[in-house]
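The primary structure of each chain is shown beneath.
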Amino acid sequence: AHYSALLFDEQFTKGLGDSGRCNKDLACREEWLETGDSVVLIFFESGRNSNACSGQLIAHNNPNPNLYFVLTARHCISKQKEAKSATFLWFYQRVRCNKGSLSNLIQTSAKARLRFKTPKIGRRKSTDHSLLQLRRPPPRGVTFSGWSTRDPVGMVGDNVVGIHHPYADLKKISRGRIVDIFQLDTFSVQPPYTHFFIDWKLGITEPGSSGSGLWIGTQWPNLHRKKLQL
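Caption draft 1: Looking closely at the overall build of the protein chain. Counting its regular elements, the protein chain contains four helices and 17 strands. For the protein chain, the proportion of its 230 residues judged to be buried stands at 45%. Long-range contacts, defined here as pairs at least 24 residues apart, represent 68% of the contacts in the protein chain between residues at least 6 apart. By element, 49% of the accessible surface of the protein chain is carried by carbon and sulfur atoms, the whole surface being about 12,100 Å².

Caption draft 2: Main features of the pairing of strand β5 (residues 69-72). Where strand β4 (residues 49-58) and β5 come together, three bridges link them in antiparallel fashion. Of the residues in β5, the one forming a bridge with Leu 57 is Val 70. Where β5 meets strand β11 (residues 130-133), four bridges bridge the pair, whose relative direction is antiparallel. Across the sheet, the residue bridging to Thr 72 is Ser 130, located in β11.

Caption draft 3: Here's a closer look at the nonpolar core. In this structure, Ile 42, Leu 57, Val 70, Phe 88, Trp 90 and Leu 132 are the most contacted members of the largest nonpolar core, which totals 21 residues. Mapped onto this core, the elements with two or more residues apiece are β3 (39-46), β4 and β6 (87-90). Of the residues forming this core, the biggest block, three residues, is contributed by β3. Beyond its immediate chain neighbours, meaning those up to four positions away, Val 70 contacts Val 40, Ile 42, Gly 55, Gln 56, Leu 57, Phe 88, Trp 90, Ser 130, Leu 131, Leu 132 and Leu 134.

Caption draft 4: Quick peek at the pattern of salt bridges. Evaluation of the coordinates by the stated rule reveals five salt bridges. The partner of Glu 31 in a salt bridge is Arg 29, and the shortest N-O contact between them spans 2.7 Å. In this structure Glu 31 comes out as partly exposed when scored by relative accessible area, which is 38%.

Caption draft 5: Summary view of the packing of aromatic side chains. Scanning all chains against the criterion turns up two aromatic pairs. Each ring, one from Phe 88 and one from Trp 90, has its centre 6.3 Å from the other, and the planes form 25 degrees; the classification is stacked. An identical accessibility class is assigned to Phe 88 and Trp 90; each is buried. Here Phe 182 and Phe 197 contribute two aromatic rings whose centre-to-centre distance is 4.2 Å and whose plane-to-plane angle is 25 degrees, an arrangement assigned as stacked. Placement of the pair is Phe 182 in strand β14 (residues 172-182) and Phe 197 in strand β15 (residues 195-202), with a sequence separation of 15 residues.

Rules used in this analysis
Residues numbered from 1 in each chain as written. Predicted model: local features only at pLDDT ≥ 70, side-chain atom pairs only at ≥ 80, totals over all residues. Heavy atoms only, no water. Helix = DSSP H or I, 4+ residues; strand = E, 2+ residues; numbered from the N terminus. Buried < 20%, exposed > 50% of the residue type's maximum accessible area, 1.4 Å probe, protein only. Contact = heavy atoms within 4.5 Å. Areas by Shrake-Rupley, 256 points an atom, 1.4 Å probe, with all protein chains shown as cover. Pairing = 2+ DSSP bridges. Core = buried A, V, L, I, M, F, W, Y, C linked by side-chain atoms within 4.5 Å. Salt bridge = Lys/Arg side-chain N within 4 Å of Asp/Glu carboxyl O. Phe/Tyr/Trp six-rings, centres within 6.5 Å; stacked < 30°, edge-to-face > 60°.

What follows is the structure, encoded as structure tokens:
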């Protein structure tokens, strides 16, 4: 679920420390820091509420280098009005494991454009994705996250890492394994599949983690990271 929060000028300190104690600062896993620089905390307005979710800047093969896309959850942002209200907080994390000062966080507000949201499968819910296009470049130092078109059936048993902002807190990292796939509406383990069951071994996900990705395997930092040159 997304996280309902206070007004934007108060949110950055409101979320500090609100997540569960079992969550681990991203800085505690230095090998994931560069990959984690693609993850962003998103504040947005929906109706009369101010909410927070996670997202990540994703790589693309469009020849236009000035296109920047953030992938998040449909149940967070599903309307253009919500996308337009989005404020992005980059590098909201500690520089040392569980202590030390914050990194040099940067706030941007570019009136994002909702380019895609996953449709329903008949009357059932589908996968839960929304794709936002930034109207302005993200700050220097942000990285791209890769993505996969693998069959989800073949991912069962894979190790995964989650990088996210639970309860709009500082950036956290979770580690676990995909144990099954299912339909959200019926919890059936028959296709069409829409969601993963994750057995977390380190950390968890909470409201505000919505929209964050799963990085498959253990060699992501070395094989898939790509520095964004601005």
